[in-house]
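Residue-level structure breakdown
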Amino acid sequence: MNETASWPFHKVLIANRGEIAVRVIQACRELGLVTVAVYSEADRDALHVQLADESHEIGPAPAAQSYLNIPRIIEVARESGAGAVHPGYGFLAENALFARTCIEAGLVFVGPTPESMAAVGGKIAARALAERLGVPVVPGATAALESVEQAATVAARVGYPVAIKASAGGGGRGLKVVATPEELPGALESARREGAAYFADPTVFMERYLTAPRHIEVQVAGDTHGAVVAVGTRDCSVQRNHQKLIEEAPAPLAPALARRIMAAAERLAADIGYAGAGTAEFLVEGDEFFFLEMNTRIQVEHTVTEAVTGLDMVKMQLRVAAGEPLPFTREDCVPFGHAIECRINAEDPTARFRPGPGLLRRYRPPTGPGVRVDSGVYQGYTIPSSYDSMIAKLITWGRDRDEARRRMARALEQFDIAGVPSTVTFHHLVMTDEAFAAGGVPTTYLAGLDLSELESYDMATDSAATPTTPTAPTSGETLQTAGPGETFVVDVNDKRFTVRVASARRSRRASRGDRQDATTDGSAPGTVTSPMHGVVLRVAVAAGQEVAAGDLLMTVEAMKMENEITAPRAGSVASLDVAAGATVDAGTILATIG
Ligand code: MV4
C-alpha cells in the first residue's frame, strides 16, 4: 500500500513534452501514480511518449494546436480517466484560465489556485503587492503610464536610464531601456506596441534601469493548509537574450542578504496563499535587492535547488495538489554543498546561438559522482524544429562551488553529442573562465565574454584528460539541418518565434543587448542588409546624412519584436533602399553607407 492510496487522484495527465514531461513521469512512478502523456504529431517518437503508461496524440506540431489546445487536453484527461493535470513549465503552466478549466472539469490542477496566479500575473499588480508588504521594488511607478508627460515626470524623479516594461510582459519581451529623455516617446510607443502584440495588453510601467544587476530568485513552496517555506536561492545571472544558460544554488550571496531575500519571498507567497512550487525573482545590486516578478510554475532550474536540499520539488507539487501537508519544513531547507546547471541546447554558440535541431547521431551523457542529467532525448532521436532546442540539463553537485564547477567542466568534457550543434563547448568555456570561477557575475557577464575562441575550442586542455575520450561535435561531424532561407520555430522563455536562417555565413560577433547588428554583405562593405524577414517600421536617417558606426538607421519589425538596424561603420548614407512599410527579407539591401 503506497502513500497515494487515499489520494483524490491516481492517474496524472502531463500537459507538456520534453525533459519536464519525463521528470514528472519519474516523480509519478515513484509515488505509484499512473501517467498519461499527450503529444503532437511532431512528437510521436519523443521519450515522454514512450515512458508514460499511456500516450495520446493531441494535434499538429504547432503548439497552438496541440500543447496549448485546452479543449483537446481536457478531453484526453476525461477519456483516460486522469484525476489530475500537471502542466510542467511553459505552454499552459501559468495560464489561470487553463487551471480554472481543469478544476471545472473535476480535475486537480497541479499548481497554485487560479486566484494566486492572477494575483501576481500582472507585473504592476505584483509590484503593488510587494510595496504593500514592504518588499523593496526598483524605484519607479506602480501604475500604468498614460502619457509621455507622465512618463517623463517619473523618469526625471527616478533618474535615467529607465526601463519601460509591459505589465503583462515576461522573459524580456516588451522591455525597453531608455537612456535619455529624447528616446522616451519612441520607447514608450514601442513597448506599448510589443505589449499589445505579444500579450494583448498595451499596459506599461516604469522602473529605473539597473545597469549591471544580478538575477537572483527564490524557490518557494506552500500547501493548502497555510504553510509556506522559502526553499532556497538560485543565481540565474548567466543569460543570453533573457534565456538562462547557467543556474546555480545556493546563490553566492552574503548570508544576511540571502536571508532577507528569502524572507521577502516567503512573505509574498504567504500573502497570496500560495500552494505548490513557485519562484520569486529579484534583482540584486551590492547589498540591495528588488522584487521583479513571481513565477507560478515549476521552473527549469528547480533541479539545482533539489541537488542542494535533497528534496523533490515535483513530488512536493503532487503531494500538495493531493491536499497533503508540505513534506518538509524550513529546517529541511538548509543547503548542503553547491549545484550548477548547464542548459545544453542544440544551438551553435559560434553563430549567435543559432538553433540547429535535427538527428542526434550520437548521444552519450556524462556519468559519475555528483552528476545528474535531465533530458527528453536519446541517441537516434530527431530533435524537432517545432519547439525549444534543449538537448539536456546537466547538473553537477559539489561539496563547495569550486567542486561543482570543476565537476561540471569534467562532465562537459565527457558529454558526447554528434549530429547537431551544441552549447557544450560554450558551457565549458564559462566553467573555466576566471570571472565565473570567482562567482557572483552580473547579467552583463555574457555579453562581455569573448566567444571567438570557440571556433577552434579544445576542452581537453588538461593533459590528464584521456586523449581517446570523445569530445563535443567538431565542425566536420556537425550535421547542419537548417540552411539559408529555411525557417523553423523556436521557444524562448515560453514564447514561440519563427526564425529564418538569413545566410550560411553570418557575422559571428555577438550583438550587444537587443540591438540587432545589420549584416553587411561581404562583397560590398557598407551595404546594410536586413538580418531577418520583417517590415520596416521607421527609417531614422535620410539619404546623404552622415552617420557614426552604431547609429540607428531604421527599425525592422519581425515576429512582433522591434529590431534596431544600426550603421556598421561611419560614413554617409549613400543610398536608402527601403521606406517605412516595406516588407523585407533576410538579405534585402536596406541602405548603403558610403
Ligand atoms: C530589469 C533589469 C534592470 N533594471 N529591470 C526583465 C525581464 C526579467 N526576467 C529580467 N529583467 C530585467 N529587468 C530593471 N528595472 C534587468 C533585467 C534583466 C536583464 C536585462 C537585460 C539583459 C539581461 C537581463 C537578465 C536578467 C535581468
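It should be noted that the structure appears before, not after, this text.
Residues numbered from 1 in each chain as written. Predicted model: local features only at pLDDT ≥ 70, side-chain atom pairs only at ≥ 80, totals over all residues. Heavy atoms only, no water.

Looking now at the overall build of the protein chain. Across its full length, the protein chain carries 14 helices and 33 strands. When the 594 residues of the protein chain are sorted by exposure, 55% land in the buried category. Considering only intrachain contacts with a sequence separation of at least 6, the fraction spanning at least 24 residues in the protein chain is 65%. (Helix = DSSP H or I, 4+ residues; strand = E, 2+ residues; numbered from the N terminus. Buried < 20%, exposed > 50% of the residue type's maximum accessible area, 1.4 Å probe, protein only. Contact = heavy atoms within 4.5 Å.)

Quick look at the site of the ligand now. With respect to spatial proximity, 15 residues lie near the ligand, and among them K165, E207, R208, L210 and T443 are the closest. E207 is positioned with one of its side-chain polar atoms (N or O) 2.9 Å from a nitrogen atom of the ligand. For the ligand, the accessible surface in isolation is 540 Å², of which the surrounding protein chains cover 90%. At the level of secondary structure, the elements contributing two or more residues to the shell around the ligand comprise β9 (204-208), β13 (276-285) and β14 (288-295). Residue classes in the shell around the ligand are distributed as five nonpolar, five polar and five charged. (Near = heavy atom within 4 Å. Polar contact = N/O pair within 3.5 Å; in protein donor to acceptor, adjacent residues only side chain to side chain. Areas by Shrake-Rupley, 256 points an atom, 1.4 Å probe, with all protein chains shown as cover. Nonpolar A, V, L, I, M, F, W, Y, C, P; charged D, E, K, R; others polar.)

Right, let's get into the sheet that holds strand β3 (residues 54-59). Across the sheet, five strands lie side by side as β3-β2-β1-β4-β5; this open sheet has parallel pairing. Unpaired on one side and paired on the other, β3 and β5 (108-109) mark the two borders of the sheet. Sheet analysis places strand β4 (residues 84-86) next to β5, joined by two bridges and oriented parallel. Within the sheet, the bridge partner assigned to A84 lies in β5 and is V108. Contacting β1 (11-14), β2 (34-40) and β3, helix α3 (residues 70-80) runs over the sheet at an angle of about 155 degrees to β3. (Pairing = 2+ DSSP bridges. Axes fitted to C-alpha atoms, helices over the stretch in contact; angles between N-to-C directions.)

Locating P355 in the fold gives a position in strand β17 (residues 354-355). For P355, a relative accessible area of 12% puts it in the buried group. The sequence separation of P355 and S389 amounts to 34 residues, and the corresponding C-alpha distance is 6.4 Å.

This model, assessed by the stated rule, comprises 32 salt bridges. Here R17 ties to D43 by a salt bridge, and the two come within 2.6 Å at their closest N and O atoms. A residue pair is termed long-range when its members are at least 10 positions apart, and R17 in the loop between β1 and α1 (18-31) and D43 in the loop between β2 and α2 (47-51) qualify at 26 residues. A salt bridge links D235 to R214, with the shortest nitrogen-to-oxygen separation between them at 2.8 Å. In this pair, D235 is assigned in strand β11 (residues 228-240) and R214 in strand β10 (residues 214-222), connecting sequence segments 21 residues apart. A single burial state applies to D235 and to R214, both of which are buried. (Salt bridge = Lys/Arg side-chain N within 4 Å of Asp/Glu carboxyl O.)

The subject of this paragraph is helix α6 (residues 123-132). For α6, the set of buried residues is K123, I124, A126, R127, L129 and A130. Buried positions along α6 lie against α5 (114-121), β6 (140-141), β7 (162-170), β9, α9 (255-271) and β14.

Time to look at the packing of α1 against helix α11 (residues 313-321). Closest axis-to-axis distance for the α1/α11 pair is 9 Å, and the angle between their directions is 65 degrees. Seen from above, α1 lies across α11 with right-handed handedness. Together, R23, V24, A27, C28, E30 and L31 of α1 and M313, V314, K315, L318 and R319 of α11 make up the contact between the two elements. Among the residues making up the contact of α1 with α11, the classes are represented as seven nonpolar, no polar and four charged. (Left-handed = near helix turned anticlockwise from the far one by under 90°.)

With that out of the way, let us pick up the nonpolar core. Within the largest apolar cluster, 67 residues are counted, with the highest numbers of intra-cluster contacts made by L13, F98, I246, I344, I391, I417 and M431. Listing elements by their share of this core, those giving two or more residues are β2, α3, α4 (96-104), β12 (243-249), β15 (338-345), β20 (390-398), α12 (401-414) and α13 (424-431). Dropping the residues within four chain positions of it, L13 is found in contact with V36, V38, I73, V76, A77, A82, A84, V85 and H86. (Core = buried A, V, L, I, M, F, W, Y, C linked by side-chain atoms within 4.5 Å.)

What follows deals with the side chain of Q317. Inspection of the secondary structure puts Q317 in helix α11. A distance of 2.7 Å separates the side chain of Q317 from the side chain of H86, its partner in a polar contact. Among residues more than four places away in sequence, those in contact with Q317 are H86, V110, A277 and I298.

Take the sheet that holds β15 next. An order of β14-β13-β10-β11-β12-β15-β20-β19 is seen for the eight strands of this open sheet, with the pairing classed as antiparallel. For this open sheet the edge positions go to β14 and β19 (371-375), each flanked by a neighbour on one side alone. Shown here is a sheet whose adjacent strand axes are inclined to one another by a mean of 25 degrees, direction ignored. As defined by bridge partners, β15 adjoins β20 across eight bridges and the pair is classed as antiparallel. What sits directly across from R343, in β20, is K393.

As a further point, take the pairing of β15. For β15, the tally of buried residues reaches eight of eight residues, placing the bulk of the element in the interior. Note: β12 against β15, four bridges, orientation antiparallel. Directly across from E248, in β15, lies its bridge partner I340.

Below, the discussion takes up the environment of P250. Within the secondary structure, P250 sits in the loop between β12 and α9. C-alpha separation for the pair P250 and T305, spaced 55 residues apart in sequence, amounts to 7.3 Å.

In this section: the packing of aromatic side chains. What the rule picks out here adds up to 12 aromatic pairs. Pairing Y198 with F199 gives two aromatic rings, centres 5.7 Å apart and planes at 40 degrees, and the pair type is tilted. Pairing F282 with F289 gives two aromatic rings, centres 5.7 Å apart and planes at 70 degrees, and the pair type is edge-to-face. Given the relative accessible area of 0%, F282 is considered buried. Members of the aromatic cluster, joined through ring pairs, are Y67, F91 and Y387. For the cation-ring pair, R401 lies above F436, with the distance from its terminal atom to the ring centre recorded as 4.6 Å. (Phe/Tyr/Trp six-rings, centres within 6.5 Å; stacked < 30°, edge-to-face > 60°. Lys NZ or Arg CZ within 6 Å of the ring centre and 35° of its normal.)

Cis geometry is found at the peptide bond from Y160 to P161, where omega equals -5 degrees. Following the sequence through the fold, P161 ends up in the loop between α7 (148-158) and β7. In this model, A249 is joined to P250 through a cis peptide bond whose omega is -10 degrees. Positive phi outside glycine occurs at N241, with the angle close to 50 degrees. By the secondary structure assignment, N241 is in the loop between β11 and β12. A relative accessible area of 42% means that N241 is categorised as partly exposed. Despite not being glycine, H242 shows a phi value in the positive range, around 65 degrees.

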